[in-house]
Amino acid sequence: MTAKVTLGLVGALLAGPAAMARLPYQQPNIQQSPPLASPVAYAPQTPAYLRDRIQALGAGFNGRIGIAVRSVDDGWQTGWHSEELYPQQSVSKLWVAITAMDAIDRGAVRLSDPVTLTRSDLTLFHQPIAAQVLRNGAVTTTLGRLLHDAITMSDNTCNDRLMRAVGGDGAVREMIAKKGLGSIRFDHGERLFQSRVAGVTWHQSMAVGDGFNRARNALPLATRRSLLNHYIEDPYDGAAPASVVKALARLKKGQLLSPSSTAHLLNTMGNTKTGRNRLHGGLAPGWSLSHKTGTGQVLGALQAGYNDIGLITAPDGRSYAIAVMIKSTTTPLPVRMRLMNEVVRSVIHQHDMEERPY
């Protein structure tokens, strides 16, 4: 404010309100704050060592492989060809289990609900419960036992019966869509799905003895090869490893199920008996694994689908979701297992470097 106006203001104050009204108005000198910057979305930085190591493992494997790793706690993710669809095979039992636990959360069913299995429930391939059914004619168990054996033993009959008890294959697809799990397909139960892969029409007599294999082997070799290649290129049960690890991370964080159902399912996955030398073979002392394996059909030396997906947890409680999914390969089993071991060891090494950087 100028000296002239200041003097005028003093005079006006002494002269009274009439003089105040004759003073010229001056805009106050107010400092305007700069506009607020737009918020920047935080993008977790993937550790360079692990990113490069996963790339090297994927590139060095003789087969079509997808790898994905996600930090449950920090949110970063890395992978190798992880957006493609890979045959899940028994990995898909996890989505049946989540559908069942979700139905329990809604009060539609209970783990203690009795379920009776008869010969008409039998499926194919790996079904340990079939021996009891064939011996006794029927077996009465519980929904919880079906879920346990489907996950820990990968029992196909238990999985199919569990699926039907909670609404069938449509209910599983609905769960995947409603919970926004991403690029994950679910075809049908084991009987119809495996028949579709092999190009045969399911008949219940195939569930006993060698019926399914005889029907499959009766097809010309060229037809079988064509059908298997079609499945590999566009798997009916396909899933992207990137989507699988995101779903696993959400499961671990309690975003898919209630706390009690989350704990029950992760504990069940922690008791898995199959694939002891896949992801499990790379664990260090004090680390734990909750996982689900998947093993596909074989034609000659070619296997379509050889997988392990799960959550590894460090002694300090930090967790990582891992998916290693082999679309097709002729590589011997020990080589595949070592690759899975190395993925786990690499994640653990990255974790240890962050815990002890010097």
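For the structure itself, look to the data block above.
Residues numbered from 1 in each chain as written. Predicted model: local features only at pLDDT ≥ 70, side-chain atom pairs only at ≥ 80, totals over all residues. Heavy atoms only, no water.

1. Regarding the overall build of the chain
Logical step 1: Looking only at helices and strands, one finds 14 helices and 11 strands in the chain.
Logical step 2: Looking at the chain as a whole, 49% of its 358 residues qualify as buried.
Logical step 3: Taking as baseline every contact in the chain between residues at least 6 positions apart, the subset at least 24 positions apart corresponds to 70%.
Logical step 4: Per element, the accessible surface of the chain, about 17,000 Å² overall, is 55% carbon and sulfur. (Helix = DSSP H or I, 4+ residues; strand = E, 2+ residues; numbered from the N terminus. Buried < 20%, exposed > 50% of the residue type's maximum accessible area, 1.4 Å probe, protein only. Contact = heavy atoms within 4.5 Å. Areas by Shrake-Rupley, 256 points an atom, 1.4 Å probe, with all protein chains shown as cover.)

2. Some remarks on the pattern of salt bridges
Logical step 1: With the rule as written, the count across this model stands at 16 salt bridges.
Logical step 2: With its nearest N and O atoms 3.1 Å apart, the salt bridge here joins Arg-53 to Glu-342. Placement of the pair is Arg-53 in helix H3 (residues 48-59) and Glu-342 in helix H14 (residues 333-355), with a sequence separation of 289 residues.
Logical step 3: The partly exposed category is assigned to Arg-53, whose relative accessible area is 27%.
Logical step 4: A salt bridge links Asp-187 to Arg-196; the shortest N-O distance between them is 2.7 Å.
Logical step 5: Judged by its relative accessible area of 42%, Arg-196 falls in the partly exposed class.
Logical step 6: Ionic contacts of the salt-bridge type, sharing partners, join the residues Arg-53, Glu-342 and Arg-345 into one network. (Salt bridge = Lys/Arg side-chain N within 4 Å of Asp/Glu carboxyl O.)

3. Focus: the packing of helix H4 (residues 93-105) against helix H7 (residues 156-165)
Logical step 1: Taken N-terminus to C-terminus, the directions of H4 and H7 make an angle of 40°; their axes are 10 Å apart at the nearest point. Compared by their axis directions, H4 and H7 come out oblique. Note that H4 runs across H7; the crossing there is left-handed. When H4 is examined against H7, the residues Lys-93, Val-96 and Ala-100 are found in contact with a partner set consisting of Asn-156, Asn-159, Leu-162 and Met-163.
Logical step 2: Looking at the contact of H4 with H7 residue by residue, the class counts come to 4 nonpolar, 2 polar and 1 charged. (Axes fitted to C-alpha atoms, helices over the stretch in contact; angles between N-to-C directions. Parallel < 35°, antiparallel > 145°, perpendicular 65-115°, else oblique. Left-handed = near helix turned anticlockwise from the far one by under 90°. Nonpolar A, V, L, I, M, F, W, Y, C, P; charged D, E, K, R; others polar.)

4. Quick notes on H7
Logical step 1: Buried residues dominate H7, accounting for 8 of its 10 residues.
Logical step 2: Within the span of H7, buried status applies to Asn-156, Thr-157, Cys-158, Asn-159, Asp-160, Arg-161, Leu-162 and Met-163.
Logical step 3: Taken together, the buried residues of H7 touch H4, strand E4 (114-118), helix H6 (143-152), helix H8 (169-178) and helix H9 (190-198).
Logical step 4: Remark: Gly-167 follows H7 within two positions and exhibits a positive phi of approximately 120°.

5. A short note on the sheet that holds strand E11 (residues 319-328)
Logical step 1: Within the open sheet, the 5 strands sit side by side as E2-E1-E11-E10-E7. Their pairing is antiparallel. Two strands close off the open sheet at either side, each with one partner strand: strand E2 (77-80) and strand E7 (288-295). In this sheet, adjacent strand axes meet at a mean angle of 10° when their direction is disregarded.
Logical step 2: Pairing of strand E10 (residues 306-313) with E11 involves 8 bridges; the strand directions are antiparallel. Across the sheet, Gly-310 pairs through a bridge with Ile-322, a residue of E11.
Logical step 3: Running over the sheet, H3 touches strand E1 (64-71) and E2 and is turned about 20° from E2. (Pairing = 2+ DSSP bridges.)

6. Digging into the packing of H6 against helix H13 (residues 259-269)
Logical step 1: One can describe the packing of H6 onto H13 by two numbers: an axis separation of 9 Å at closest approach and a directional angle of 45°. In terms of orientation, H6 lies oblique with respect to H13. For the pair H6 and H13, contact is made by Leu-147, His-148, Ile-151 and Thr-152 and by Leu-265, Thr-268 and Met-269, respectively.
Logical step 2: Here the residues of the contact of H6 with H13 sort into 4 nonpolar, 3 polar and no charged.

7. Brief notes about the nonpolar core
Logical step 1: Trp-95 and Leu-265 are the most contacted members of the largest nonpolar core, which totals 59 residues.
Logical step 2: A per-element tally of this core places H4 first, with 8 residues.
Logical step 3: Residues contacting Trp-95, with those up to four places away along its chain left out, are Gln-88, Val-172, Met-175, Ile-176, Leu-181, Ile-184, Val-244 and Ala-247.
Logical step 4: With 25 residues, the next largest nonpolar core counts Leu-50, Leu-57, Ile-312 and Ile-326 among its residues. (Core = buried A, V, L, I, M, F, W, Y, C linked by side-chain atoms within 4.5 Å.)

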